[in-house]
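Remarks on the overall topology
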Amino acid sequence: MTPQLRVYVPPHPLIKHWLAVARDAATPSVLFRSAITELGRWLTYEAAREWLPTVEMMVQSPLDSCPGTVINPEIPVAVVPILRAGLGLLEGAQSLLPLASIYHLGIVRNEETLEPSCYLNKLPEKFDPQTRVLITDPMLATGGSMMFAMAELTRRGVDPSLTRIVSVVAAPPALQKLSAAYPGLNVYTAIIDEVVNNQGYIVPGLGDAGDRIFGT
Ligand code: PRP
Ligand code: URA
């Protein structure tokens, strides 16, 4: 079967709740930040299904031994937050993946051309090809920033089929580009909004995620 991009919008009341809080223009920065943290937590919880590597073992309870399943410590797990806004999702993701290595990638769009450029790259030279990679960025708009991130990761040996993107609002232009270039990829998002306006903002979206997280 040909692999294809999968986009999951988990029908979870907590995800819907925190999305509505984040969308509200009247939400102050401190609460917006909490909403994004919670979305990071619950979307990572969903993304970890059938992705976090496990290993079977026997466990001795006080009464008897029985089979158990634990997280396999031998397979590397990495989280790549796309600065700045992806940092907002990191705390929630890290609370569920405490042993993951965190590799920061700073990408910013030019406000006029919308072209992405990279100002910080803490990725390793080479990833173990088995590495499970979770990328966090709340906004997938034109897709330029995420395409840039994926190119940097795959150049370093990351397998797109072992990669999961956690976003909050995803738009069709980004999903179409990712689907064409990385058909094995999985995206977890709170919502898909249909429109990207001429300034590159998702409508209704939630505005400038980085500015709202950091109060700038
Ligand atoms: C925002 C957002 C994404 C990017 C999405 O970052 O966090 O990284 O835009 O847009 P795209 O899909 O059209 O590339 P921004 O460049 O505003 O930087 P920031 O996170 O520092 O605010
Ligand atoms: N980046 C944002 O922060 N918001 C958008 O709507 C699009 C890109």
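Below is a summary of the structure that appears in this document. (Residues numbered from 1 in each chain as written. Chains lettered and ligands numbered in written order. Predicted model: local features only at pLDDT ≥ 70, side-chain atom pairs only at ≥ 80, totals over all residues. Heavy atoms only, no water.)

Considerations on the site of ligand 2
This is how the line gets drawn: Each residue is tested against the molecule or strand, and it is near if at least one of its non-hydrogen atoms lies within 4 Å. Counting of polar contacts relies on pairs of N or O atoms within 3.5 Å, with two restrictions inside protein: one atom must be capable of donating a hydrogen and the other of accepting it, and residues adjacent in sequence are counted only when both atoms are side-chain atoms. For the area figures, the Shrake-Rupley method with a 1.4 Å probe applies, and any residue is considered shielded solely by the protein chains shown. Two kinds of site are reported from a 1 Å grid over the protein atoms alone, namely cavities, where a 1.4 Å probe fits but cannot get out, and pockets, open sets with protein on both sides within 12 Å along at least five of seven lines, and residues are called lining when an atom falls within 4 Å of a point. Being in a pocket or cavity means that more than half of the molecule's atoms lie within 2 Å of its grid points.
Every residue close to ligand 2 is listed here: Arg109, Met139, Ala141, Gly200, Tyr201, Ile202, Gly207, Asp208 and Ala209. Within the backbone of Gly207, one N or O atom sits 2.8 Å away from a nitrogen atom of ligand 2. The separation between an oxygen atom of ligand 2 and a polar main-chain atom of Ala209 is 2.9 Å. For ligand 2, whose accessible area on its own is 240 Å², the fraction buried by protein is 89%. Because more than half of its atoms lie within 2 Å of the grid, ligand 2 is assigned to the largest pocket.

Observations regarding the layout of surface pockets
Rules: Grid points are joined across faces, edges and corners, and a volume is the space filled by probe spheres set on the points. Segments assigned H or I by DSSP are reported as helices when at least four residues long, segments assigned E as strands when at least two residues long, and all are numbered from the N terminus. Polar here means any residue outside two lists: the nonpolar Ala, Val, Leu, Ile, Met, Phe, Trp, Tyr, Cys and Pro, and the charged Asp, Glu, Lys and Arg; Gly therefore counts as polar.
If you add up the space inside the largest pocket, you get close to 640 Å³. Looking at the largest pocket, it is lined by 29 residues, and the ones nearest its centre are Ile107, Val108, Arg109, Ser145 and Asp208. Taken together, the elements giving at least two residues each to the lining of the largest pocket come down to β4 (77-83), β6 (105-109), β9 (139-140), α4 (144-155) and α6 (209-214). Classifying every residue of the lining of the largest pocket by side-chain character gives 14 nonpolar, nine polar and six charged. Roughly 220 Å³ of internal volume is contained in the second largest pocket. Taken together, 13 residues form the lining of the second largest pocket, with Ile71, Ile75, Val77, Leu99 and Ala100 sitting closest to its centre.

Structural notes on the site of ligand 1
Around ligand 1 sit 15 residues in total, of which Arg109, Asp137, Thr142, Gly143 and Ser145 are the nearest. Taking Ala85, its main chain carries an N or O atom lying 3.0 Å from an oxygen atom of ligand 1. Within the side chain of Arg109, a nitrogen or oxygen atom sits 2.7 Å from an oxygen atom of ligand 1. Within the complex, 92% of the 500 Å² of free accessible area of ligand 1 lies under protein.

Honestly, that's just the spatial picture; any functional story needs more than this.
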